[in-house]
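A closer look at the structure
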Amino acid sequence: MRIEVIRPGLMSTVQDEGRYGYRRHGVHPGGVMDTFAARAANMLVNNCRSAAVLEMTMTGPELRFQENQLIALCGADLSASVDGQPVPLWRPVALMAGSVLKLGKCRSGLRAYLAIAGGIVVPEIMGSRSTDLKTGMGGLDGRALRAGDMLPTGEASPEAQAMLNQLLRQAKMEKLPMKAAAWFLSSREWPSYQAEPVIRVMPGMDDSRFSGASLEQFYKGRYVIGPQSDRMGYRLEGARLELEQPLSRLSEAVTYGTVQVPADGQPIILMADHQTIGGYPVIAQVVRVDLPVLAQARPGTRVAFQPITHEKAQQLFLYQERELQLSAAFIRRRLIETGDH
């Protein structure tokens, strides 16, 4: 089964959870920026969490579905529609063969995720289907989508197929080009997506090396995400941060969410396509549960930072995992109930 790309959008790439186990060779994990939205989209169509999805940034593509498909859209609102009918987010949606899904400009957030039952089936490289634009590896020839591309998709699970069949029957009865499930993943389950987010961070290994005034500014002031931000890192603009003493050392390992401070004193938050090592002082580390919030923050967004302990960060992560597992169990039960009818 294939999906035709009529219009590619601003930046649409095939991504999964990333390419792990190769840092020692200088290969970063990459993968989806908003791990929560991508995982939720896969849950809603009964895919495994590692299934490849389409990550769409700012302006979405236009896609023609050659076969009946069960899909889910999560994350940013890209004003999705089929034949002029709005496509709701955060729930399973059945599309008929020949349907054209149009995703336009962003109403909120920055990145949307399209999961198709069965996943997007491009070749795995180093255990991942994720697109690495800098090396030209993975996805569709290591690049963003182009008009005329064909996205191959896998076989839906029996539960997803049953849901698709039920929704298609309803669509035909109501003479609609698509039909969404009545149930959905509530906004109460989402991360704290906000217009001006407060990002929780743990102290970095060099936070004590910064002046007291700089630490106060970092935690009490606000920074703006600069226009040069991308999947590799968010460059922040605001008050200059300064060390008490010059720091010279070899590079250290860094990861998604590491907050570095280069010589100009303007922080950089490393994102999904970050380098594997870095020599700049590290003032903080963004907690894992808030990385999806950052992934949806556009250039120009004002962000603030709140310090928390490692123990609190672990508690937040475990709570989010428990809630996701409960949501996955609920979704699977609804899909199984559909198949029993």
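Before reading on, note that the structure itself is shown above.
A few points on the structure. (Residues numbered from 1 in each chain as written. Predicted model: local features only at pLDDT ≥ 70, side-chain atom pairs only at ≥ 80, totals over all residues. Heavy atoms only, no water.)

Here's the deal with the nonpolar core
Counting 60 residues, the largest nonpolar core has Phe218, Tyr234, Ile269, Ile283 and Phe305 as its most contacted members. Examining the composition of this core, we find that 7 residues originate from one element, helix α1 (residues 35-44), more than from any other. Residues in contact with Tyr234, not counting those within four places in the same chain, are Met33, Leu110, Arg111, Ile225, Ser229, Pro267, Ile268, Ile269, Met271, Leu294, Ala295 and Ala297. Formed by 30 residues, the second largest nonpolar core is a distinct cluster that contains Val93, Ile116, Leu140 and Met178. (Core = buried A, V, L, I, M, F, W, Y, C linked by side-chain atoms within 4.5 Å. Buried < 20%, exposed > 50% of the residue type's maximum accessible area, 1.4 Å probe, protein only. Helix = DSSP H or I, 4+ residues; strand = E, 2+ residues; numbered from the N terminus. Contact = heavy atoms within 4.5 Å.)

Side note on the sheet that holds strand β20 (residues 282-286)
Strands pair in a sheet through their backbones, by hydrogen bonds, and they do so in one of two ways: parallel or antiparallel. Judged by pairing direction, the barrel is mixed, and its 7 strands sit side by side in the order β13-β20-β17-β18-β15-β14-β21 before closing back on the first. On average, each strand axis in the sheet is inclined to that of its neighbour by 40°, with strand direction left out of account. Relative to β20, strand β17 (residues 258-260) runs antiparallel, the two sharing 3 bridges. Note that in β20 the partner of Thr258 across the bridge is Gln285. Here helix α3 (residues 212-220) sits on the sheet in contact with β13 (198-203), β14 (223-225), β17, β20 and β21 (302-307), set at roughly 25° to β20. (Pairing = 2+ DSSP bridges. Axes fitted to C-alpha atoms, helices over the stretch in contact; angles between N-to-C directions.)

Some points on a nonpolar patch on the surface
A surface patch of nonpolar side chains, amounting to about 250 Å² of accessible area, comprises Leu10, Met11 and Leu133. Among the structural elements, Met11 can be located in strand β2 (residues 11-15). The partly exposed category is assigned to Met11, whose relative accessible area is 30%. (Patch = residues over 30% accessible without salt bridge, like charges linked within 9 Å, V, L, I, M, F, W, Y side chains within 5 Å. Areas by Shrake-Rupley, 256 points an atom, 1.4 Å probe, with all protein chains shown as cover. Salt bridge = Lys/Arg side-chain N within 4 Å of Asp/Glu carboxyl O.)

Re the packing of aromatic side chains
In this structure the tally under the stated criterion is 7 aromatic pairs. Each ring, one from Trp90 and one from Trp190, has its centre 4.4 Å from the other, and the planes form 25°; the classification is stacked. One end of the pair, Trp90, is in the loop between β7 (85-86) and β8 (92-95); the other, Trp190, is in the loop between β12 (178-180) and β13, and 100 residues separate them in sequence. With relative accessibility at 29%, the residue Trp190 sits in the partly exposed group. Through pairs of rings, three or more aromatic residues link up here, namely Phe36, Trp90, Trp190 and Tyr193. (Phe/Tyr/Trp six-rings, centres within 6.5 Å; stacked < 30°, edge-to-face > 60°.)

A word on the side chain of Arg39
Within the secondary structure, Arg39 sits in helix α1. Note on Arg39: relative accessible area 11%, which makes it buried. Setting aside its immediate chain neighbours within four residues, Arg39 contacts Arg49, Glu321 and Leu324.

Re the pattern of salt bridges
The final tally for this structure, using the stated rule, is 18 salt bridges. Between Glu62 and Arg7 there is a salt bridge, with its nearest N and O atoms 3.5 Å apart. Taken as a pair, Glu62 in strand β4 (residues 62-65) and Arg7 in strand β1 (residues 2-7) lie far apart in primary sequence, 55 residues in all. Exposure remark for Glu62: the relative accessible area of 16% places this residue in the buried category. Using a relative accessible area of 30% as the deciding quantity, one classes Arg7 as partly exposed. Residue Asp149 pairs with Arg143 through a salt bridge whose shortest N-O separation is 2.9 Å. For Arg143, a relative accessible area of 16% gives the class buried. Here the salt bridges share partners, and the residues they tie into one network are Glu55, Arg231 and Asp273.

Structural notes on the sheet that holds β2
The strand order across the open sheet built from 6 strands is β2-β3-β10-β5-β8-β12, with neighbouring strands paired in antiparallel fashion. Strands at the two margins of the open sheet, each flanked by one partner only, are β2 and β12. Here the average twist between neighbouring strands, direction ignored, is 25°. Here 4 bridges tie strand β5 (residues 69-77) to β8, and the two strands are oriented antiparallel to one another. From the neighbouring strand, Leu70 faces β8, where its bridge partner is Ala94. In the packing of α1 onto the sheet, contacts are made with β3 (53-57), β5, β8 and β10 (108-116), and the angle to β5 comes to roughly 155°.

Some points on the side chain of Ser130
Looking at where Ser130 falls in the secondary structure, it is placed in the loop between β10 and β11 (150-152). Look past the residues within four positions of Ser130 in its chain and what remains in contact with it is Val14, Gln15, Asp16, Gly18, Arg19, Gly31, Met137, Gly138 and Gly139.

Let's talk about α3
The set of residues buried in α3 consists of Ser214, Leu215 and Phe218. The buried residues of α3 occupy an angular sector of 100° when projected down its axis, which confines them to one face. Turned more than 90 degrees from where α3 packs its buried face, Ala213 and Lys220 sit exposed. On its buried face, α3 is in contact with β13, β14, β17, β20 and β21. (Arc of directions from axis to C-beta.)

Side note on the environment of Glu124
Tracing the backbone through its elements, the reader meets Glu124 in the loop between β10 and β11. By relative accessible area, which is 49% here, Glu124 ends up partly exposed. Considering only alpha carbons, one finds Glu124 and Ala52, 72 residues apart in sequence, at a separation of 10 Å. Polar side-chain contacts of Glu124 include one of 3.5 Å to the side chain of Arg129. (Polar contact = N/O pair within 3.5 Å; in protein donor to acceptor, adjacent residues only side chain to side chain.)

Taken by themselves, the reported measurements are silent on function.
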